[in-house]
Amino acid sequence: MELMTDEEFRLLRDFITQKCGIFYNEKQKYIFQQKLLKRLEKNALKNFKEYYYLLKYNSTKEEIQQLYNVLTVNETYFFREKEHLLAIKDYILPEMLKTRPNRVIKILSAGCSTGEEPYSIAMTLNESFTNPEQSLSILGLDISQKALDTAQSGNYRKISLAFRAMDPLYLQKYFISSEDSYKLKENIKSLVKFKLANLFEFSTLSPYDKYDLIFCRNVMIYFSKDFKRSLVESFYNCLNPDG
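A short tour of the structure in this document, coming up. Being a predicted model, the structure only gives us computed values, none of them experimental.

1. Brief notes about the sheet that holds strand β2 (residues 136–142)
Read from one edge to the other, the open sheet built from 4 strands follows the order β6-β2-β1-β7, with strand pairing classed as parallel. Edge positions in the sheet fall to β6 (192–196) and β7 (213–215), since each of these pairs with one other strand and no more. Taking each pair of neighbouring strands and ignoring which way they run, the sheet shows an average axis angle of 20°. Relative to β7, strand β1 (residues 105–110) runs parallel, the two being bridged by 3 bridges. Paired with leucine 108 across the bridge in β7 is isoleucine 214. Strands β1 and β7 of the sheet are contacted by helix α5 (residues 82–99), whose axis makes an angle of about 160° with β7.

2. Description of the side chain of glutamate 117
Here glutamate 117 is to be found in helix α6 (residues 116–125). Of the residues examined, glutamate 117 reaches a relative accessible area of 14% and is grouped as buried.

3. Some points on helix α8 (residues 145–153)
Taken residue by residue, α8 has Ala147, Leu148 and Ala151 as its buried positions. All buried residues of α8 fall inside an arc of 95° around its axis, so they share one side. In this fold, the buried residues of α8 make contact with α6, β2, β3 (155–157) and β6. Phi turns positive, to about 65°, at glycine 154, one or two residues after α8.

4. So, unusual backbone geometry
Of note, the phi angle at glutamate 81 is positive, near 55°, even though the residue is not glycine. Under the relative-accessibility criterion, glutamate 81 is labelled partly exposed at 29%. Residues other than glycine seldom take positive phi values, yet serine 113 does so here, at roughly 55°. Relative to the helices and strands, serine 113 resides in the loop between β1 and α6. Note on serine 113: relative accessible area 6%, which makes it buried.

5. Things to note about the pattern of salt bridges
Applying the stated criterion across every chain yields a total of 10 salt bridges. Taking the shortest distance from any N to any O, the salt bridge between lysine 49 and glutamate 7 comes out at 3.1 Å. Pair noted here: lysine 49 is in helix α3 (residues 48–57) and glutamate 7 is in helix α1 (residues 6–20), with a separation of 42 residues, a long-range link. For lysine 49, a relative accessible area of 23% puts it in the partly exposed group. The class for glutamate 7 is partly exposed, based on a relative accessible area of 40%. Overlapping salt bridges bring together Arg13, Asp14 and Glu26 as one network.

Conventions adopted
- Residues numbered from 1 in each chain as written.
- Predicted model: local features only at pLDDT ≥ 70, side-chain atom pairs only at ≥ 80, totals over all residues.
- Heavy atoms only, no water.
- Pairing = 2+ DSSP bridges.
- Helix = DSSP H or I, 4+ residues; strand = E, 2+ residues; numbered from the N terminus.
- Axes fitted to C-alpha atoms, helices over the stretch in contact; angles between N-to-C directions.
- Contact = heavy atoms within 4.5 Å.
- Buried < 20%, exposed > 50% of the residue type's maximum accessible area, 1.4 Å probe, protein only.
- Arc of directions from axis to C-beta.
- Salt bridge = Lys/Arg side-chain N within 4 Å of Asp/Glu carboxyl O.

Take a look at the structure:
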């Protein structure tokens, strides 16, 4: 297998960026090449230009989805940036509920990967409501169906790094232990919905869908400066006035 040429890198990088916003700079060329190599082998192609032509002129939804699966990094864990979650629970949420005590708090986790972030939000805020299922609505979006399959299952292997920052009390309270995995209990799973979505598509972030809180830290690392700017503007337009 030949190495990716500079021309092939630019063709594929620019095509992917236009398609979904994911951006790789020249210093990341080797990583980019190694990720796409899997798709070349799967499609029995000789070089990266052939793969570019496949994507541009003869791709299927399945191939595009497999491309997204290999390009995205799904390394995350429960209670990442725990201080942010506690600040929301102890300061931001009480202020929101002062003005509208019976409101449904709508939360968006953009780039939710395998679900650790939205589930961490659900566990953190669960006890802030008498009836959390009627007061809390959390939506996780991700471009990778493979990642969402794990998220929707709510099942995580014990040997994974997902639990590295997990409080043992939360683990005991909200998970069911089996021989090799931990599975989320239904009262937490039911608080979170997941959706396959490309943030680069206008319809994904409609200004008519208003949220009180938007988490987007994990997804911003993938995009160019221009798209980050555009995405932040879209997030702003999706926030409620006091969001």
